[in-house]
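# Understanding the architecture of this molecule
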Amino acid sequence: MTQRWRWVGDRALLRTFAEVDVIDANRAALACRGEVVALALPDVEDVVPGARSVLIVMRPGAEPSGDVLEILDADARDTRSGRAGRDHQIPVRYGGDDGPDLADVARLSKLSPAQVVAAHQAAEYVVGFIGFAPGFPYLLGLDPSIATPRLETPRVRVPPGSVGIGGGYAGIYPAATPGGWRLIGRTDVALFDPLRDPPALLSPGDRVRFVAR
Amino acid sequence: MTMRVVSPGAFTTIQDLGRPGWASSGVPPSGAMDQPALRAANLLVGNAESTAALEITLNGPLIEFVDAAAVAVVGALFEVELDGEPVFMNETLPVQAGSVLRIGKARAGCRAYLAVRGGIDVPAVLGSRSTYAPGGIGGPRGRALQTHDFLRAGPAASHLAMRRIKPIVGSNPTEAVRAVPGPQENAFTARALEKFWATEFRVSPRSDRAGMRLECEPLAHAGSADLDPEGVVTGAVQVPGDGLPIVLGPDGPATGGYVKIATVITADLPVIAQARPGDTLRFVPVDVERARSAWRDRERALFESIEELE
């Protein structure tokens, strides 16, 4: 059997998925992650999904188990039962002070601001993975017509709840952080609360729709 | 047992062995940068290795003990004084009620751990007391120590063994940091790879627990510096578009979209923890097998270095 994973340092294993469409690759990655998590192995510290990858982090000194390697080496996997995640509706106030970059996104996309908002709401997004900051979702499924590059100079402080576009991803800033995504709106939904289990509102594989409020 | 922070020092945080397992929620593991030093400090005061202690950076705190306690300081070489008298690091130190412990400047290395018998009792968040200051999680209200913070110790067993540890930790700036190549070594030109393993990097003052920035001539990428974001580990050496490497620390992001030229081995993460701004360091490639045996050697050394004094 071909080895489809590689070591990252001395305690992590990385499996990447080569499917052309990142949505397909992500679906395979999340299915793979689910299989490893289901083993509930005490030697596995974390199973981290990326856009098109899964990283298995083991306790220092632990040997990777044969079960895990078999899962990582599996070629095709059944991702049809992929509607396991939860559905979320995120209410957004678009434009104005809440979305200071809406006009720029419209200009770069050669659309009107109203068309940008309509395109942003029309899509059903999948939470590909969480990263950058606690609870920050990378949402797959952005309408390519409103995909826009990040700011040349990131903002020092992005207000919490800001709804943005970063390249081909849509996202939401859970807390005030520096950030380079273009901001088109803002939500009051709390995306991260460390006292909640799970602490992040959105989990990889969940589906998201934005609605105007 | 209560202690009062008279002055917090440059950057003093509460750390245990961290909260691994939450990267899927975007939460980094945090925890002590130099984990063997934290573990040793805990063992010297009869705590479980994973107990929360103070991580002290470059310039230490001044702490008044309201009640009697037992403490130990392990890690970088700091000046330590109890009620104005110099005292030893690396051994169990009984402290009387009303005493003041002063941890001064680091003379070598960057970080040390002050363990207190019973451990420092702040609420655990996501299974750990470790401070993740950028996210406001753990420690006292999610931040580093401040003047007039009161810290409490948890319960401890009545018997306390006096112990000492040979100073196995600390920085050796001439020692090369061992790293496993990749996972994206192919994203660099052959010349850049050669340079990476040959360069004396200087540690930038813009380094913190999220990442240690290295100064050098920029390393050239063969193609893009960006990749589809993926999970990252502490010790990953990512190289963004400017060609300057960053060694990710325990407060670094849970996923990252920059290519990684190498990954520091677990056994050598303490060397990264102890590097100070302005220090130089080199990397040397090792394979996974050697990395794992280096970890086993380090574990053995940690336990063999502890001596009972009575």
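Note that the structure is a prediction, hence the values are computed from the model and not measured. (Residues numbered from 1 in each chain as written. Chains lettered and ligands numbered in written order. Predicted model: local features only at pLDDT ≥ 70, side-chain atom pairs only at ≥ 80, totals over all residues. Heavy atoms only, no water.)

Further remarks concern helix α1 (residues 35-44) of chain B. Three- or four-residue spacings in an α-helix give side chains the same orientation, since the helix completes a turn every 3.6 residues. Residues and elements named next belong to chain B. Of all 10 residues in α1, nine are buried, a share of seventy percent or more. Along α1, the residues classified as buried are Pro36, Ala37, Leu38, Arg39, Ala40, Ala41, Asn42, Leu43 and Leu44. The N-cap of α1, judged by a side-chain oxygen 3.2 Å from the amide nitrogen of Ala37 a few residues on, is Asp34. One or two steps after α1, the chain reaches Gly46, where phi turns positive at roughly 80°. (Buried < 20%, exposed > 50% of the residue type's maximum accessible area, 1.4 Å probe, protein only. Helix = DSSP H or I, 4+ residues; strand = E, 2+ residues; numbered from the N terminus. Polar contact = N/O pair within 3.5 Å; in protein donor to acceptor, adjacent residues only side chain to side chain.)

On to the packing of aromatic side chains, then. Aromatic rings in a pair are described by how distant their centres are and how their planes are angled relative to each other. Residue and element names in this part refer to chain A. Under the definition given, this model contains 15 aromatic pairs over all chains. Ring geometry for Phe129 versus Tyr169: centroids 6.0 Å apart, planes at 90°, classification edge-to-face. Here Phe129 is found in strand β6 (residues 125-130), whereas its partner Tyr169 is found in strand β10 (residues 169-172), with 40 residues between them in sequence. When its relative accessible area of 0% is taken as the criterion, Phe129 is described as buried. Classification of Tyr169 by relative accessible area gives buried; the value is 12%. On the numbers, 5.0 Å between centres and 80° between planes, the contact of Phe136 with Tyr173 is edge-to-face. A residue pair is termed long-range when its members are at least 10 positions apart, and Phe136 in the loop between β6 and β7 (137-140) and Tyr173 in the loop between β10 and β11 (177-179) qualify at 37 residues. (Phe/Tyr/Trp six-rings, centres within 6.5 Å; stacked < 30°, edge-to-face > 60°.)

Attention now moves to empty space enclosed by the protein. If you walk through the whole model with that rule in mind, you get two cavities of 30 Å³ or more. Taken as a whole, the second largest cavity holds about 40 Å³ of empty space. As for the second largest cavity, its lining consists of A:Asp10, A:Arg11, A:Pro60, A:Gly61, B:Thr266, B:Ala291, B:Arg292 and B:Trp295. Looking at the lining of the second largest cavity residue by residue, the class counts come to three nonpolar, two polar and three charged. (1 Å grid on protein atoms, 1.4 Å probe; cavity = no way out; pocket = protein on both sides within 12 Å on 5 of 7 lines; lining within 4 Å. Points joined across faces, edges and corners; volume = space filled by probe spheres on them. Nonpolar A, V, L, I, M, F, W, Y, C, P; charged D, E, K, R; others polar.)

All names here are of chain A. Each domain of chain A was delimited in the assignment, giving domain 1 (5-83) and domain 2 (87-212). Computed over C-alpha atoms, the centres of domain 1 and domain 2 are 27 Å apart. Listed by partner, the interface residues are nine residues for domain 1 and 11 residues for domain 2. With both sides pooled, the region where domain 1 packs onto domain 2 buries about 740 Å², and carbon together with sulfur makes up 61% of that total. Scanning the region where domain 1 abuts domain 2 turns up zero salt bridges. The tally of links between domain 1 and domain 2 comes to one residue pair in polar contact (both at pLDDT 80 or more). If you tally residues by element for the side of domain 1 that touches domain 2, the top one is helix α1 (residues 22-39), at four residues. Looking at the side of domain 1 that touches domain 2 residue by residue, the class counts come to five nonpolar, three polar and one charged. (Domains from an automatic or database assignment. Contact = heavy atoms within 4.5 Å. Buried area = accessible area lost by both parts, 1.4 Å probe. Salt bridge = Lys/Arg side-chain N within 4 Å of Asp/Glu carboxyl O.)

Within this model, the second largest pocket holds a volume of roughly 900 Å³. If you trace the second largest pocket, you find 49 residues lining it, with A:Arg11, A:Glu45, A:Pro60, B:Gln35 and B:Leu269 closest to the centre. Secondary-structure elements contributing two or more residues to the lining of the second largest pocket are β3 (44-49) of chain A together with α1, β16 (246-248), β18 (260-264), α3 (269-273) and α4 (288-304) of chain B. Its residues assigned to classes, the lining of the second largest pocket comprises 28 nonpolar, 11 polar and 10 charged.

Two orientations exist for strands paired in a sheet by backbone hydrogen bonds: parallel and antiparallel. Residues and elements named next belong to chain A. On the basis of which strands lie adjacent, the closed barrel formed by seven strands has the order β5-β12-β9-β10-β7-β6-β13 and mixed pairing. Pairs of neighbouring strands in the sheet enclose a mean axial angle of 45°, with direction left out of account. Where strand β5 (residues 87-94) meets strand β12 (residues 182-186), two bridges bridge the pair, whose relative direction is antiparallel. The partner of Arg93 across the bridge, within β12, is Arg186. The strands touched by α1 within the sheet are β6 and β7, with β6 carrying the most contacts at an inclination of about 60°. (Pairing = 2+ DSSP bridges. Axes fitted to C-alpha atoms, helices over the stretch in contact; angles between N-to-C directions.)

Attention shifts here to unusual backbone geometry. Cis rather than trans, the peptide bond between A:Asp197 and A:Pro198 has omega equal to -5°. Along the polypeptide, A:Pro198 turns up in the loop between β12 and β13 (207-212). One non-glycine residue with positive phi stands out, namely B:His148, at about 75°. Tracing the chain through its elements places B:His148 in the loop between β8 (100-116) and β9 (150-152).

Within the largest apolar cluster, 29 residues are counted, with the highest numbers of intra-cluster contacts made by B:Leu54, B:Phe78, B:Leu101 and B:Leu114. Listed by contribution, the elements that provide at least two residues to this core are β1 (2-7), β3 (53-57), β4 (62-65), β5 (69-82), β7 (93-95) and β8 of chain B. Ranked by residues supplied to this core, first place goes to β5(B) with seven residues. Counting residues in hydrophobic clusters, the runner-up holds 26 residues, among them A:Val36, A:Ile56, B:Val180 and B:Ala267. (Core = buried A, V, L, I, M, F, W, Y, C linked by side-chain atoms within 4.5 Å.)

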